[in-house]
Amino acid sequence: MNPQASLIFAASLLLGTTITISSNHWIMAWTGLEINTLAILPLISKSHHPRAIEAATKYFLTQAAASALVLFASMTNAWHTGQWDITQLTHPTSCLIFTSAIAMKLGLVPFHFWFPEVLQGSPLTTGLLLSTIMKLPPITLLYMTSPSLNPTLLTILAILSAALGGWMGLNQTQIRKILAFSSISHLGWMAIIIIYNPKLTLLNFYLYAMMTATVFLTLNTIKVLKLSTLMTAWTKIPSLNAMLLLTLLSLAGLPPLTGFLPKWLIIQELTKQEMAPAATLISLLSLLSLFFYLRLAYCTTITLPPHTTNHMKQWRTNKPTNITIAILTTVSVMLLPISPMILTIV
């Protein structure tokens, strides 16, 4: 892609995200969401492959419908209350429509069908943007409206997302689809706690974004898209593959890695709110996700390819590992010991 075009799209993404997260008025928030959608579309379809065009079309239709619902919810609320302020979303019908719209934007169950398909049709770098930066504006809107939202509805959406995210990721062979279902499962954890402790949702999102960025950038470095190629990629950069193993286990939420911190805090908060059954259920459902993370980790470092006569090992690459990947990997694995300091900051 033309460097000038890439710069314009990147600047538009930053602009759209900044407008949405800093706005108080519904129309400004909607404008930011629209700028974001239009900026990411060329990045999805830049390969001109039929699957990429299909992914861009699906993304556009879903996001356009969700944006229309956001506008409809804000107008209904303004009609009943006379308020265009985002924090003044008080009408029950508006809250219901708004929750559905944000669930569609994020890819929460039952509005999740578009997300794995779009991620599968996108390049790895665009997939990283879709899984992290593009989720920030809708989560910010949820954060600002959290006191008004329906706890029962969000808990049901969250538990369904954790269940389907884990269950549908089990039989996948494409790594981008596995990461899409992983994202849906993590969004379930964020949605269940947003009403009771919104700051925990943001902390969970930041840590999830760091770990996902590590995985995507590592896969982009070793040029891997399928489990079958992941099995033979360990000879390229063995040290990076070893760190990918730890990052995947961190995404699964295993102690003593960073990914355990948000899960631990969310379970603790849910128990304080007398929601022990929901905490137990979502913890058990995360075991489904653990299975496919372990499968990915197994393929990354432990599985050796079959030693047939026509099998050729891939050459080890001499290029140095990107400093960004090094920093992100360290943060994705080693933050748990300083969790008291993180909690004082949050």
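How each quantity is defined
Residues numbered from 1 in each chain as written. Predicted model: local features only at pLDDT ≥ 70, side-chain atom pairs only at ≥ 80, totals over all residues. Heavy atoms only, no water. Helix = DSSP H or I, 4+ residues; strand = E, 2+ residues; numbered from the N terminus. Rg over C-alpha atoms; globule rule 2.2 N^0.38 Å. Buried < 20%, exposed > 50% of the residue type's maximum accessible area, 1.4 Å probe, protein only. Contact = heavy atoms within 4.5 Å. Areas by Shrake-Rupley, 256 points an atom, 1.4 Å probe, with all protein chains shown as cover. UniProt positions renumbered as here; feature names shortened; annotations may be inferred. Axes fitted to C-alpha atoms, helices over the stretch in contact; angles between N-to-C directions. Parallel < 35°, antiparallel > 145°, perpendicular 65-115°, else oblique. Left-handed = near helix turned anticlockwise from the far one by under 90°. Nonpolar A, V, L, I, M, F, W, Y, C, P; charged D, E, K, R; others polar. 1 Å grid on protein atoms, 1.4 Å probe; cavity = no way out; pocket = protein on both sides within 12 Å on 5 of 7 lines; lining within 4 Å. Points joined across faces, edges and corners; volume = space filled by probe spheres on them. Patch = residues over 30% accessible without salt bridge, like charges linked within 9 Å, V, L, I, M, F, W, Y side chains within 5 Å. Salt bridge = Lys/Arg side-chain N within 4 Å of Asp/Glu carboxyl O. Polar contact = N/O pair within 3.5 Å; in protein donor to acceptor, adjacent residues only side chain to side chain.

*Asks:* Explanation requested: the overall build of the protein chain in the structure shown.
*Replies:* In terms of regular secondary structure, the protein chain is built from 16 helices and zero strands. Against the globule reference of 20 Å for 346 residues, the protein chain gives a C-alpha radius of gyration of 20 Å, in line with a compact fold. Viewed in the frame of its principal axes, the protein chain has a C-alpha envelope of about 75 × 50 × 35 Å. Evaluated residue by residue, the protein chain yields a buried proportion of 53% over its 346 residues. In the protein chain, of all internal contacts separated by at least 6 residues, the share reaching a separation of at least 24 is 77%. For the protein chain, the accessible surface area stands at approximately 15,200 Å², while carbon and sulfur atoms represent 71% of it.

*Asks:* Quick question: what am I supposed to make of the UniProt feature "domain: NADH:quinone oxidoreductase/Mrp antiporter transmembrane" (unreviewed entry) in the protein chain here?
*Replies:* This chain's UniProt record puts "domain: NADH:quinone oxidoreductase/Mrp antiporter transmembrane" (unreviewed entry) on residues 23-288. The distance from the first to the last C-alpha atom of residues 23-288 is 38 Å, and the span holds 75% helix and 0% strand.

*Asks:* Quick question: what am I supposed to make of the packing of helix α1 (residues 3-22) against helix α2 (residues 26-44) here?
*Replies:* Packed helix pairs are specified by the crossing angle of their axes together with the interaxial distance, meaning the distance between the axes. Following both chains from N to C, one finds α1 and α2 inclined at 155°, their axes separated by 7 Å at the closest point. Relative to α2, the element α1 is oriented roughly antiparallel. Of the two possible hands of crossing, α1 and α2 adopt the one that is left-handed. Here Phe9, Ser12, Leu13, Leu15, Gly16, Thr17, Ile19 and Thr20 of α1 come into contact with α2, specifically with Met28, Ala29, Gly32, Leu33, Ile35, Asn36, Ala39, Ile40, Pro42 and Leu43. Of the residues that constitute the contact of α1 with α2, the class distribution is 12 nonpolar, six polar and no charged.

*Asks:* What should I look at first to understand empty space enclosed by the protein in this one?
*Replies:* Using a probe with the size of a water molecule, rolled over the atoms, empty space left in the structure can be pinpointed. This model, assessed by the stated rule, comprises five cavities of 30 Å³ or more. The calculated volume of the largest cavity comes to roughly 90 Å³. Taken together, Leu33, Asn36, Thr37, Tyr59, Gln63, Lys105, Trp114, Phe115, Leu130, Met134, Lys135 and Pro138 make up the full set of residues lining the largest cavity. Of all the secondary-structure elements, those providing two or more residues to the lining of the largest cavity are α2, α3 (50-81) and α5 (114-121). A per-element tally of the lining of the largest cavity places α2 first, with three residues. Tallied by class, residues from the lining of the largest cavity come to seven nonpolar, three polar and two charged. Its volume calculated, the second largest cavity comes out at about 60 Å³. Broken down by secondary-structure element, the contributors of at least two residues to the lining of the second largest cavity are α9 (175-193), α12 (238-252) and α14 (276-302). Of the residues forming the lining of the second largest cavity, the biggest block, four residues, is contributed by α9. Tallied by class, residues from the lining of the second largest cavity come to four nonpolar, five polar and one charged.

*Asks:* When you look at a nonpolar patch on the surface in this model, what are you seeing that I'm missing?
*Replies:* Together, Ile27, Met75 and Trp84 make up an exposed nonpolar region whose accessible area comes to about 260 Å². Inspection of the secondary structure puts Trp84 in the loop between α3 and α4 (92-106).

*Asks:* It is not clear to me how the environment of Ser161 should be interpreted in this structure. Could you clarify?
*Replies:* Mapped onto the fold, Ser161 is located in helix α8 (residues 151-168). Contact partners of Ser161, with chain neighbours within four places excluded, come to Leu108, Val109, Ile184, Ser185 and Gly188. Within the structure, the side chain of Ser161 is placed 3.1 Å from the backbone nitrogen of Val109, a separation counted as a polar contact.

*Asks:* Before we go on, may I ask you to explain the layout of surface pockets in this structure?
*Replies:* The computed volume of the largest pocket comes to approximately 210 Å³. In terms of lining residues, the largest pocket is bounded by Leu14, Thr17, Thr125, Leu128, Leu129, Thr132, Ile133, Leu136, Phe205 and Ala209. Elements represented by at least two residues in the lining of the largest pocket include exactly α1, α6 (124-131) and α10 (198-222). Counting residues per element, the lining of the largest pocket draws most heavily on α6, at three residues. Of the residues in the lining of the largest pocket, the class split is seven nonpolar, three polar and no charged. Its volume calculated, the second largest pocket comes out at about 160 Å³. Every residue along the wall of the second largest pocket is listed here: Asn197, Lys199, Leu200, Leu203, Leu265, Gln268, Glu269, Lys272, Leu343 and Val346. Listing elements by their share of the lining of the second largest pocket, those giving two or more residues are α10 and α13 (260-272).

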